[in-house]
There are 2 protein chains.
Amino acid sequence: MTASTPGHRSEPTHRLEPGHARRPTIHDVARDAGISKTSVSRYFGHERALLSESMVQRIEAAIERLGFAPDRLASGLRGRRTGLIGMVVADIRNPYTVDMLHGAELACREHGYSLLVCNTDNSDQLERRHLEVLHGYSIEGLVVNTRGRNVASLAARREAGLPMVLVDRHIDGLDCDMVGLDNEQAVTLGVSHLRDQGYQRLLMVTEPTDGISSRKARVEVFRHQAHAAGLSAEVQQSPQERIDPDWLAATLMQWLRAGGRPGAIVCANGVITLAVCHALWALLKTPFEQVGVLGIDELSWCALVGPGITTVAQPVDDIGYGAITTLLNRIRGAPGKAEITTYTARLHARGSTTLKTT
Amino acid sequence: MTASTPGHRSEPTHRLEPGHARRPTIHDVARDAGISKTSVSRYFGHERALLSESMVQRIEAAIERLGFAPDRLASGLRGRRTGLIGMVVADIRNPYTVDMLHGAELACREHGYSLLVCNTDNSDQLERRHLEVLHGYSIEGLVVNTRGRNVASLAARREAGLPMVLVDRHIDGLDCDMVGLDNEQAVTLGVSHLRDQGYQRLLMVTEPTDGISSRKARVEVFRHQAHAAGLSAEVQQSPQERIDPDWLAATLMQWLRAGGRPGAIVCANGVITLAVCHALWALLKTPFEQVGVLGIDELSWCALVGPGITTVAQPVDDIGYGAITTLLNRIRGAPGKAEITTYTARLHARGSTTLKTT
DNA sequence: ACCGATATTGGGAACGTTCCCAATACAAGT
DNA sequence: ACTTGTATTGGGAACGTTCCCAATATCGGT
């Protein structure tokens, strides 16, 4: 049996575990520098201006000596700032999401924030679960890119004062900033390119628009612009969020058979572009000689497939970066109504929209 | 003008802001249920077995009434469990990283952990910065997939007792579990496929191997297996981590010109496959009729390019999932030496490795 | 009826910060 | 000299948990 000292302070166990040396605290720094912990706290907070020159130097020396780094959890507990931003995305494997995440991560890094990334795999239930988890970590702000079926949960957090930014899609009933593509401009760019190339029949393929604003906008603008350009236009929505290859094959085949005048397919986003390419590949020997293809969203491999796939590229990286910028402004207390920030798309014209006059 | 201005203020600001109702604490629940906070804490901790049936019911009712959710920061501060896992990746836009992240996120979700994702964009300095940040959040474990140039920083955390798992690549001097591909099996699979198809000259293209174990292993096994199969083998390393298209074009051209016997290019990973395809596309009219191509890493578009690109696919999703599983075991205190877990690859044979007898 | 187990429960003291307020120092104004 | 002000600095009480230890209740066994 150990003969422990009679004092009422027993030694904390974790100090005894190998390699688990207690990390220095603000207190240790203060003692080492011969000052009060408040001053050390001020050094790391936004009140460094209050400190005298000699104080700053002594603090820095002590920090250096002890290898001190502040505990963000403790700091987040007492103060308001956790430095944590939540990001809820519907599909982390979607190229759009990846690029957006890349931009967002960069912006966070530049401003001293860290990203708590949550993937819902398109499940509404998982989205709710993730929102609860993020709430538990007292995130300072939230970036949302999901189907928007949980308006209630989101609105609750929003009204509780949580800064929030939607990416790509607006959600009805959520008074909240949004950052995304100028769908009007993007689709118009695509359709007029197809018209200029001489296509006369257009088909847009998309996932179910449900309530998703960007999808609805693309369909709407597509119909309107095609009509204005005197082109016949058809829209096919997948019955499921996840594209069924059989459905797609049947749909495309039917549209192709009905042909006569030269036609082109407009893919509403990158995921659709991939699915359509796979379908055409299975259906036709030489797809792009019989039908034009234009995709919204640039993908790394678009130049490689057949004669190259024409795309309307959105600056996804910038959108992710912009989402964080917008969010940080709100976190810092920027007042005013919810704002919508849109970015413009650029056309990458390639062989898939060169009309072959057979 | 707004009534709320940041700055000095006698009243705590956040209680006045609209919608900033103080969130309920464990204390509130206890009072509402007429019991002590300790019991409520036990309910959420791993000591629910201690509680009587009636106690559990009263707690649950109170939680329901108040909409209580525990504060993870506070809980992490006093206890050891933060529920946070750090993930440091070299390139978040690499398809490998994305799939790995997907698997890891799933595993975390299933076990009640959350991921703090850090992208270093291949910068050693950023990696160090990120490690410091993660340390500040008292992460319970760390998943690392980087170049491994910061052995010192990593080893320090490791020796301080931080559970850690490396993904894809082992780092010398870091006594730490690793999860990745069975490179021996994967490359052997690829090379024997090429031999069976009748190719006689092989070229492997890779980024600089530096100290990266998986790259070194692939090169080594490639050389060995090609030799064993009686094939001529050459390896070209990009001078930079980021592939320079001009360098690649020149390198490939030189190798192609030196030809005679039918040759095939082995791309050491997905990023290389993309670059090689772009290069061949620019160089040759009908690339795959003149040279075979095989890529390590399956990519969504491999079936679409030319006659389809043959790949050796690694189960990246499983690797990410496995990394978290391994990490959690260590977090729970699994003892023993560092272990290496490898997954086996599968061949996707496509047209790019069908030898054309001209 | 008493003693010692064995279940439950509760009361505080941590955890490492930030924030409020008070205290000190020195210069300037009257 | 006596306020008044303006920089600095420090002390202690939060923040919302978990953990240690003590308290109470229950139950056999003697």
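Along each chain, residue indices are assigned from 1 in the same order as the chain's sequence is written. All chains are assigned letters beginning at A, and all ligands numbers beginning at 1, according to the order in which they are written. With pLDDT at 70 or above as the cut-off, local features in this predicted model cover only qualifying residues; side-chain atom pairs require 80 or more to be listed or tallied, and sums for whole chains, interfaces and linings still use all residues. Processing note: side-chain calculations cover all non-hydrogen atoms of the structure and skip hydrogens and water entirely.

This part takes up the protein's contact with DNA strand D. Nearness here has a simple test: a residue counts as near a molecule or strand if at least one of its heavy atoms is within 4 Å of that partner. Residues in close proximity to DNA strand D total 27 residues, the closest being Lys37, Ser52 and Arg78 of chain A together with Ile26 and Ser41 of chain B. Each atom of DNA strand D within 4 Å of the protein was classed as base or backbone; sugar and phosphate made up 55%. Here a base nitrogen of DNA strand D sits 3.1 Å away from a polar atom, N or O, in the side chain of threonine 38 of chain A. Within 3.5 Å is the distance limit for a polar contact, defined as a pair of N or O atoms, with the added protein rule that one can donate a hydrogen and the other accept it, and that residues adjacent in sequence qualify only through two side-chain atoms. Contact between DNA strand D and arginine 78 of chain B: a base oxygen at 3.1 Å from a side-chain N or O atom of the residue. Secondary structure elements are taken from DSSP: a helix is a run of H or I of four residues or more, a strand is a run of E of two residues or more, and numbering for both begins at the N terminus. Within the residue set of the surface near DNA strand D, elements represented by two or more residues are α2 (37-44) and α4 (72-78) of chain A together with α3 (37-44) and α5 (72-78) of chain B. Of the residues belonging to the surface near DNA strand D, the class tally is ten nonpolar, ten polar and seven charged. Only Asp, Glu, Lys and Arg are considered charged in this grouping, and only Ala, Val, Leu, Ile, Met, Phe, Trp, Tyr, Cys and Pro are considered nonpolar; every other residue, Gly among them, is considered polar.

On to the packing of aromatic side chains, then. Any aromatic ring pair is given by two values, namely how distant the centres are and how the planes are angled relative to each other. Pairing of aromatic rings covers Phe, Tyr and the six-membered ring of Trp, with a centre-to-centre limit of 6.5 Å; geometry is then stacked below 30 degrees between planes, edge-to-face above 60, and tilted otherwise. One pass over the full model with this rule turns up four aromatic pairs over all chains. Three or more aromatic residues link up through ring pairs in this structure, and these residues are Tyr43, Phe44 and Phe68 of chain A. When the NZ atom of lysine or the CZ atom of arginine is within 6 Å of a ring's centre and also within 35 degrees of its normal, the charge is said to sit over that ring. Arginine 201 of chain B extends its terminal NZ or CZ atom over the ring of tryptophan 255 of chain B, reaching a point 4.3 Å from the ring centre.

Our next topic: the interface of chain A and chain B. If you look at the interface, chain A gives 52 residues, while chain B gives 54 residues. Buried surface area refers to the total accessible area, computed with a probe of radius 1.4 Å, that the two partners give up upon joining, counted for both partners together. For the pair chain A and chain B, the summed buried area comes to about 4900 Å², and 59% of that belongs to carbon and sulfur atoms. Summed over the three residues of chain A that lose the most area to chain B, namely Leu73, Tyr137 and Leu304 of chain A, the buried surface amounts to 16% of that side. One speaks of a salt bridge when a side-chain nitrogen belonging to Lys or Arg is within 4 Å of a carboxyl oxygen belonging to Asp or Glu. Taken together, the links from chain A to chain B amount to four salt bridges. Our count for the contact surface shared by chain A and chain B stands at 22 residue pairs in polar contact (both at pLDDT 80 or more). Put simply, the parts of the chain that give the side of chain A that touches chain B at least two residues each are α4, α5 (95-110), β2 (114-119), α6 (124-136) and α11 (270-283) of chain A. Taken together, the residues of the side of chain A that touches chain B break down into 24 nonpolar, 16 polar and twelve charged. In the sheet, β2 of chain A pairs with strand β2 (residues 114-119) of chain B via three bridges, with the strands oriented antiparallel. Opposite leucine 116 of chain A, over in β2 of chain B, you have leucine 116 of chain B as the bridge partner. Contact criterion: two residues are considered in contact whenever any of their non-hydrogen atoms come within 4.5 Å of each other. Two strands qualify as a pair provided DSSP detects at least 2 bridges between them.

Before going further, it helps to spend a moment on the UniProt feature "domain: HTH lacI-type" (unreviewed entry) in chain A. Per the UniProt record, "domain: HTH lacI-type" (unreviewed entry) is annotated on residues 24-79 of chain A. The span residues 24-79 of chain A is 66% helix and 0% strand, and its two end C-alpha atoms sit 20 Å from each other. UniProt positions are given in the numbering used here, feature names are shortened, and annotations may be inferred rather than shown by experiment.

Here the focus is the packing of helix α2 (residues 26-33) of chain B against helix α4 (residues 53-66) of chain B. Residues and elements named next belong to chain B. Note on geometry: axes are lines fitted to C-alpha atoms, helical ones only across the stretch in contact, with angles between N-to-C directions running from 0 to 180 degrees. Running from N to C, α2 and α4 point in directions that differ by 120°, and their axes come no closer than 9 Å. On the basis of their axis angle, the class for α2 and α4 is oblique. The hand of the α2/α4 crossing is right-handed. Along the contact surface, α2 presents Asp28, Val29, Asp32 and Ala33, while α4 presents Arg58, Ile59, Ala62, Ile63, Arg65 and Leu66. Angle categories: roughly parallel below 35 degrees, roughly antiparallel above 145, roughly perpendicular from 65 to 115, and oblique for all the rest. Should the near helix be turned anticlockwise from the far one by less than a right angle, the crossing is left-handed, and should it be turned clockwise, the crossing is right-handed.

Residue and element names in this part refer to chain A. Spatially, the six strands line up as an open sheet ordered β7-β6-β8-β9-β10-β12, and their pairing is mixed. For this open sheet the edge positions go to β7 (232-237) and β12 (346-348), each flanked by a neighbour on one side alone. Each strand axis lies, on average, 20° off the axis of its neighbour in the sheet, ignoring direction. With four bridges joining them, strand β8 (residues 263-267) and strand β9 (residues 292-296) adopt parallel strand pairing. Across the sheet, the residue bridging to alanine 264 is glycine 292, located in β9. Contacts from helix α10 (residues 245-257) reach β6 (201-206), β7 and β8, with the element oriented near 170° to β6. In the packing of α11 onto the sheet, the strands contacted are β6, β8 and β9, and the crossing angle to β8 comes to about 140°.

Least-squares superposition of the copies uses the C-alpha atoms of those residues scoring a pLDDT of at least 70 in each of them. Note on the identical chains: chain A maps onto chain B by a rotation of 180° and an axial translation of 0.0 Å, with an RMSD of 0.0 Å. Here the transformation between the copies is reduced to the relation of a two-fold axis. Looking at the interface residues of chain A, 98% of them are also at the interface in chain B, so both copies use one shared face.

As a matter of local geometry, DNA strand C sits amid 26 residues, with Ile26 and Ser41 of chain A together with Lys37, Ser52 and Arg78 of chain B nearest to it. Counting only atoms of DNA strand C within 4 Å of the protein, the fraction found in sugar and phosphate groups is 55%. Within the contact set of DNA strand C, a base oxygen lies 2.8 Å away from a side-chain nitrogen or oxygen of lysine 37 of chain B. Measuring from a phosphate oxygen of DNA strand C, one finds a side-chain N or O atom of serine 52 of chain B at 2.9 Å. Here the surface near DNA strand C is composed, by residue class, of ten nonpolar, nine polar and seven charged.

As a further point, take the environment of glycine 211 of chain B. Within the secondary structure, glycine 211 of chain B sits in the loop between β6 (201-206) and α10 (213-228). Counting along the chain gives 29 residues from glycine 211 of chain B to aspartate 182 of chain B, while the straight-line C-alpha distance between them is 18 Å.

Here we come to the domain arrangement of chain A. We note that the domain assignment places domain 1 (13-71), domain 2 (84-181 + 317-342) and domain 3 (183-314 + 346-353) within chain A. Marked domain ranges trace back to an automatic or database domain assignment. In this structure, domain 1 of chain A and domain 3 of chain A have C-alpha centres spaced 60 Å apart.

Residue and element names in this part refer to chain B. As for its position among the elements, arginine 350 is in the segment after β12 (346-348). Polar side-chain contacts of arginine 350 include one of 2.8 Å to the side chain of glutamate 298. Apart from residues lying up to four places away in sequence, arginine 350 is in contact with Glu298, Cys302, Ala303, Pro307, Gly308, Ile309, Thr310 and Thr311.

For the purposes of this section, nonpolar cores are sets of buried Ala, Val, Leu, Ile, Met, Phe, Trp, Tyr and Cys residues that join through side-chain atoms within 4.5 Å. Categorising residues by exposure relies on relative accessible area from a 1.4 Å probe, with only protein chains included: less than 20% of the type maximum marks a residue as buried, more than 50% marks it as exposed, and the intermediate range marks it as partly exposed. Judged by nonpolar contacts, the single largest core of 51 residues is most densely connected at Ile265 of chain A together with Ile265 and Leu280 of chain B. Those elements that provide at least two residues to this core are β6, α10, β8 and α11 of chain A together with β6, α11 (245-257), β8 (263-267) and α12 (270-283) of chain B. Within the second largest apolar cluster, 46 residues are counted, among which are Ala104 and Val179 of chain A together with Tyr96 and Val167 of chain B.

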